[in-house]
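These are the residues of each chain, in order.
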Amino acid sequence: LYRSLVLDQKLATSASAGQNGLKWEGYFEASAVARPGRDPREVEEALYQELEKLKTTRVEDRELQKVKNRFAADTFRRLQSNFALMLQLLIADNNRGWRTFNTDPATITAVTAEDVQRVAQTYFKPERRAVALYYTKAADATAAPDPLLADLSDEERAQVGQMRAAIAQMPVEQAKQMLQQVSQKEASAPPDKRKLLGVLKTLLQQRIDKGGL
Amino acid sequence: MAGLTFSRAAIASIVAVALTGGLVAESTGVRQAGQTKAQPIPAHPRDLKFGPLDYTPPESSKHRHVIAGVAPAYLVEDHDLPLVTVTVHIRGGSYLEPKGKEGLAALTGGQMRAGGTAAMSAEQFDEEVEVLAANISSGLGPTSGTASVNFLAKEMDRALQLFFDMLKAPRFQTDRLDLARSQALQAMERRNDSTEDIEEREWLRLIRGPDHFASRRSTKASIDSISREDLAAFHQQIVHPGAFVISAAGDFETADLKARLERVLGAWPAKAAPPPPPAPTHMPAPGVYVVNKPDVNQGRVSIGHVGHRRGDPDEVAIEMMNDILGGSGFTSRITNRVRSDEGLAYSAGSSAAPGVYYEGQFVASFQSKSATVAQAAQIVIDEIERMRNEKPSADELTTVKNYAVEVFPRYFSSASAIASTFANDELTGRDPAYWKTYRERVRAVTADDIQRVARRYLQPDKLVILAVGAVDDMLKGNPDKPQYSIEKLAKGRPITRIPLPDPLTMTYPTQ
């Protein structure tokens, strides 16, 4: 998705997909953020095309092997300490039972290109789909641009949008805690992230000043 | 900080990692300590029983091999997980850069990994690494470098081939080099932005002198002048088996891996290892130095002097002494006084690391709001004096000695920890008997020893005091506590103001 929508078609600033397998009904989610000036509906269409490709063309062996290798290596890398092992067991138990922790690697190795195509055909159907398009409100042409965001890149502005929403719902205590953590991190953050951290601090301070719960 | 979507879970995980960092090492240490004998799972963690710690460190000689007659290698098998890590430690670094080419070592180290190989373009190489799900990295620091590969055991053939292709014949593709150069220049422009960077740079200049390699910095001119050919020549000069120490850990058979390493290194002409890094000739001038950064509300302070070398007969006693003074977090005096008692700083402490190639440094450091910088600095200096004037309490001494003995197995907590501990020791010429006798030497330290080494090692009249922050506010101090001031710290000597250099040329304005 990233290669197609962000690098090749230059439609989006970010694109990704993930599956959220839950104990009962999970979901698969593909999302992308439109590049400024592009219509979110174009992006939606491009996402469908990528999903369609999985249904119609057999994924290349090399690409499938790459994903399997990455999965295997990352799984093992997550088990290198007792603490990490404990976390992984807890997570596995919460999903489909801790025993899947031992059986998943074999299951995943056994996946074939045909399997990938089959599940794409089973699950990627319009009638199973829920679609949400998020728009930002059109800026008031007479209003000055938000000075807080003046120094940020487009991508960072999008991140600030998300953070803003999360911070607005955050309990004050948590905002205080987070402000403390961000302040500590600030000194060691890479220079190009500092402006973003500065904005994050301002937002947190605003939340704290507003008071309430 | 890449994603920066701070969900509740993300915060929880930050906190979790911060809080449990210690637990991980301890639990693996216990496992290594041979206490895995299964006990029935008790109803509550408080019912867990722990026997006395009985631990013998591994023998370096059991894991040591010499590859192609020149390169020492520590190979430690661990078949728990099908992963293998091979690390090549390289003697050499920025101290070998020709004058005017500052930045060459860092670029060469980074571009080995980033710039492709003789056989493959950078893009092909990246893709191949991705397909193998391997992690490959490389870098060159001030005195040594490393290149490392971590891969699935079943991909040993291809992963090692890629890794050694990179190490032996990097392509140094020019578009990747251009990118790295522009990133270096961008970072350079921000050189005077953070007080942390300023403090580190100016501290090294004060302690090691402006001409020593440890304090040399790249400039726009030096980065601009570095060409692909410079990288290739520097690589030729320092990356060869004569400069290697290898460590490997994971799911391999020692004889097999050794044979593979022999094949690669045997066909690679070794040269003599480079000369060791030069010692500084500079004598630091004691006194108070300030750097003005008017836009910050906290001052960063370093207080210290030149220290001792590895192998010093008092090495372990100095370590214990510093742990009492400021080296062991909440149980140490500086942290207790500056942070817990007075609430003047989040982090305050000291380090007394021995130098490998020349004398190390003693340095106490903290950050405090501008008005209380002088008070916190005075507390640190008082504690340094007290260390010399009084013996430590029996409790303090027991705490630091127990801690050193109990955490000792951490150095060998996993196969890769064992391999890298021994490889680093070999690289830096540490006596192989060091670990064998370490705990005995810790246990033997007495309160008298602590005071004796404090008097020998800590030198209040040689202290260099550097404060980076809003100088006017730091000098003004706290009106409620007029007994503390930067002036008093200077003991009548003039306070030296260090100007900020031009970030691109590193020339300091004359005042």
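Everything here concerns the structure above.
The sections below set out a description of the structure shown in this document. Note that the structure is a prediction, hence the values are computed from the model and not measured.

Section: helix H6 (residues 174–189) of chain B
Residue and element names in this part refer to chain B. With 16 residues, H6 should reach 22 Å at 1.5 Å per residue; the first-to-last C-alpha distance of 23 Å fits that figure. Regarding H6, the residues found buried are Arg176, Leu177, Ala180, Arg181, Leu185 and Met188. Next to the buried residues of H6 lie helix H3 (104–114), helix H4 (122–132), helix H8 (220–225) and helix H9 (228–238).

Topic: unusual backbone geometry
Residue and element names in this part refer to chain B. Even without a glycine there, the phi angle at alanine 133 is positive, about 55°. Summarising the element assignment, alanine 133 is placed in the loop between H4 and strand E4 (135–140). A positive phi angle, close to 50°, is found at phenylalanine 172, a residue other than glycine. With respect to the helices and strands, the residue phenylalanine 172 is situated in the loop between helix H5 (156–168) and H6. You can call phenylalanine 172 buried: its relative accessible area is 1%.

Some points on the pattern of salt bridges
Scanning all chains against the criterion turns up 45 salt bridges over all chains. Among the salt bridges present, the one from arginine 38 of chain A reaches glutamate 42 of chain A, with a minimum N-O distance of 2.8 Å. With relative accessibility at 33%, the residue arginine 38 of chain A sits in the partly exposed group. Residue glutamate 42 of chain A is classed as partly exposed on the basis of its relative accessible area, which comes to 32%. Among the salt bridges present, the one from arginine 260 of chain B reaches aspartate 256 of chain B, with a minimum N-O distance of 3.0 Å. With arginine 260 of chain B and aspartate 256 of chain B both in helix H10 (residues 254–266) and four residues apart, this pair spans about one turn of that helix. With a relative accessible area of 32%, aspartate 256 of chain B lands in the partly exposed category.

Things to note about the sheet that holds strand E9 (residues 348–353) of chain B
Residue and element names in this part refer to chain B. In spatial order, the strands read E9-E10-E8-E11-E7-E12; together these six strands make up an open sheet with mixed pairing. Both edges of this open sheet fall to E9 and strand E12 (496–498), since each of them pairs with a single strand only. Each strand axis lies, on average, 20° off the axis of its neighbour in the sheet, ignoring direction. For strand E7 (residues 287–292) and strand E11 (residues 464–469), the ladder comprises six bridges, and the chain directions are parallel. If you follow valine 288 over to E11, its bridge partner there is isoleucine 465. Helix H13 (residues 373–389) contacts strand E8 (298–306), strand E10 (361–369) and E11 of the sheet and is inclined by roughly 150° relative to E10.

A closer look at the sheet that holds strand E5 (residues 144–152) of chain B
Residue and element names in this part refer to chain B. The mixed open sheet is built from six strands, whose spatial order is E1-E2-E6-E3-E5-E4. Unpaired on one side and paired on the other, strand E1 (64–67) and E4 mark the two borders of the sheet. For this sheet, the mean inter-axis angle between neighbouring strands, taken without regard to orientation, is 15°. Pairing geometry for strand E3 (residues 83–91) and E5, over nine bridges, is antiparallel. Residue pairing for E5: valine 86 is matched across the bridge by valine 149. Taken strand by strand, H5 contacts E3, E4, E5 and strand E6 (244–250), and its axis lies near 160° from that of E5.

Rules used in this analysis
- Residues numbered from 1 in each chain as written.
- Chains lettered and ligands numbered in written order.
- Predicted model: local features only at pLDDT ≥ 70, side-chain atom pairs only at ≥ 80, totals over all residues.
- Heavy atoms only, no water.
- Helix = DSSP H or I, 4+ residues; strand = E, 2+ residues; numbered from the N terminus.
- Expected span 1.5 Å × (residues − 1).
- Buried < 20%, exposed > 50% of the residue type's maximum accessible area, 1.4 Å probe, protein only.
- Contact = heavy atoms within 4.5 Å.
- Salt bridge = Lys/Arg side-chain N within 4 Å of Asp/Glu carboxyl O.
- Pairing = 2+ DSSP bridges.
- Axes fitted to C-alpha atoms, helices over the stretch in contact; angles between N-to-C directions.

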